[in-house]
Amino acid sequence: MMKLIFEITKEDRRSVRLPMSTIPSFNIPKEYARGQRPHLPEVSKIDLVRHYTALSLRTHGVDNGFYPLGSCTMKYNPKVNEKTASLVGFTNIHPLQSAQETQGALELMYDLKTMLCEITGMYDMTMQPAAGAHGEWTGLMMMKKYHEMRGDTQKRVILVPDSAHGTNPASAHVAGFDVKSIPSAADGGVDLEALRDAVGDDTAGLMLTNPNTLGIFESRIVEMAKIVHEAGGLLYYDGANLNAIMGQVRPGDMGFDVIHLNLHKTFSTPHGGGGPGSGPVGCAKRLAQFLPTPNVEKKGDTYFLQHDNEDSIGSVKSFYGHFLTLVRAYTYILSLGADGLSDASRIAVLNANYMMARLKDTYTVPFNGLCMHEFVMTAQKLKEETGISAMDVAKALLDEGIHPPTVYFPLIVKEAMMVEPTETESIETLDHACDVLLSIARIAKEDPQQLHDAPVTTVISRLDEVEAARNPILRYSISL
Ligand SMILES: *Cc1c(COP(=O)(O)O)cnc(C)c1O
């Protein structure tokens, strides 16, 4: 078992020696001084380097293996993004500096929002929200204010398809709406009749992602928009994952009024470790007055921050959000260009369809037809025949150095496995992953126990997931 850095400590070992302090020493009054030395790690430089290198090798990332985790867009993040995000002109500025001193940063934010508005077909945008779910809540608060300002106080319900990402109903609830679920039709899209039945005077809006979480494009979207708009509702687009439509079709043209993007998915900021992300929110003209403040604007050749916007929902994050994530997205968009962005989505869709075509006879695909940037397959038949579940398949993939797909989501498909290969993978990588998945299905028939035991090559094997969820041990006691 690997030790913590606090456990390999030896008194007076050093990695660096600090210069003698030039500040006169000061005696802290006894009542404020600590009773014992703090337990800080004391290790030599080589042990320090080995410790963190060993830790980094224990994790799976896009840089060391295939990562087809559906709805997460674990694509390769170009290293040039890191180079621009570490330029001192961007890292050594402070948000309280004047607009005059930070014209470059403001220009970047303004240009980025202009490009993202162009890509999504929106009128204006805020960069403040810290991630996708935060963007959802921000957009919903703007929708709420829109209805309030019109005196439409009965508009309390947000409609959400049953295939939606879990954050959608959660955000609507947190924003103070009631949530009504709309069932899917047999083809995996929203059931239009059910939508018509659900829409009424209380409909504040419909929240949707297109393609939906089954990887299916809602071809009836224009009709859906019409139904919701005619009832005075608004359309919210969950654009966390724009990988299928970037440069192909624009949510604004489909009739959407509000959208959030996840810059840490489609626009390539590393996010496997959980952040920092960025969830800009764009909107149609009639909602622009409700955008959070401050927003970056331009007058002549000068960029400035617009603070006094009376109808704004207010600030949703300190300053202007996660600025360096914006730098990465800006670099990504400029380095790909319009053609590159549109190629990226075409190849993302091609890669997903290629894998689906190779796997669908073995792992059933619940909805027929072409998929977009991801697809859902199921281990249900495999489980009935061999007892091997989606979880067993996922664990067996770990032994092959492949990150599993998203499993047991979306909830409407039993034994679901949601695969998103992304555009950055080669045909060799896709073929290898398909070969591995097909061989797992063969092993399931011949030697299922082998799969129940997997993974055997990882640091820890199967966790007791119920125990881990019910009685988590969140604190590690170090014995020193
Ligand atoms: C990832 C994702 C979200 C949530 O984004 P976070 O940045 O994790 O809050 C919402 N909707 C969809 C469709 C997603 O894929």
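Residues numbered from 1 in each chain as written. Predicted model: local features only at pLDDT ≥ 70, side-chain atom pairs only at ≥ 80, totals over all residues. Heavy atoms only, no water.

1. Remarks on the sheet that holds strand β11 (residues 406-407)
Then, in step 1: The 3 strands lie next to each other as β10-β12-β11, forming an open sheet whose pairing is antiparallel. Since the sheet does not close on itself, it has two edges, and those belong to β10 (375-378) and β11, each with one partner.
Then, in step 2: Strand direction decides the pairing type here: β11 and strand β12 (residues 416-419), joined by 2 bridges, are antiparallel. The residue of β12 that forms the bridge with T406 is M418.
Then, in step 3: Contacting β10 and β12, helix α10 (residues 323-359) crosses the sheet at an angle of about 15° to β10. (Pairing = 2+ DSSP bridges. Helix = DSSP H or I, 4+ residues; strand = E, 2+ residues; numbered from the N terminus. Contact = heavy atoms within 4.5 Å. Axes fitted to C-alpha atoms, helices over the stretch in contact; angles between N-to-C directions.)

2. Structural notes on unusual backbone geometry
Then, in step 1: Of the consecutive residues T293 and P294, the connecting peptide bond is found in the cis state with omega at -5°.
Then, in step 2: Residue position: P294 is located in the loop between β7 (281-283) and β8 (295-299).
Then, in step 3: Residue F409 is joined to P410 through a cis peptide bond whose omega torsion reads -5°.
Then, in step 4: Counting through the fold element by element, P410 comes out in the loop between β11 and β12.
Then, in step 5: The backbone of T73 shows a phi angle near 50°, a positive value even though the residue is not glycine.
Then, in step 6: Turning to its location among the elements, T73 is positioned in the loop between α1 (45-57) and α2 (79-85).
Then, in step 7: According to the relative accessible area criterion, T73 is buried, its value standing at 1%. (Buried < 20%, exposed > 50% of the residue type's maximum accessible area, 1.4 Å probe, protein only.)

3. Looking at the pattern of salt bridges
Then, in step 1: On inspection of all chains with the given rule, the structure shows 21 salt bridges.
Then, in step 2: Residue R14 pairs with E42 through a salt bridge whose shortest N-O separation is 3.1 Å. Linking R14 in the segment before α1 with E42 in the segment before α1, this pair joins segments that are 28 residues apart in sequence.
Then, in step 3: Residue classification places R14 among the partly exposed residues on the basis of a relative accessible area of 36%.
Then, in step 4: Residue E42 is classed as buried on the basis of its relative accessible area of 11%.
Then, in step 5: Across the pair K113 and D124 runs a salt bridge whose closest N-O atoms are separated by 2.9 Å. Here K113, found in helix α4 (residues 103-120), pairs with D124, found in strand β1 (residues 124-126); they are 11 residues apart in sequence, far enough to count as distant. Neither residue differs from the other here; K113 and D124 are each classed as buried.
Then, in step 6: Salt bridges here are not isolated pairs; linked through shared partners, they connect E11, R14, R37 and E42. (Salt bridge = Lys/Arg side-chain N within 4 Å of Asp/Glu carboxyl O.)

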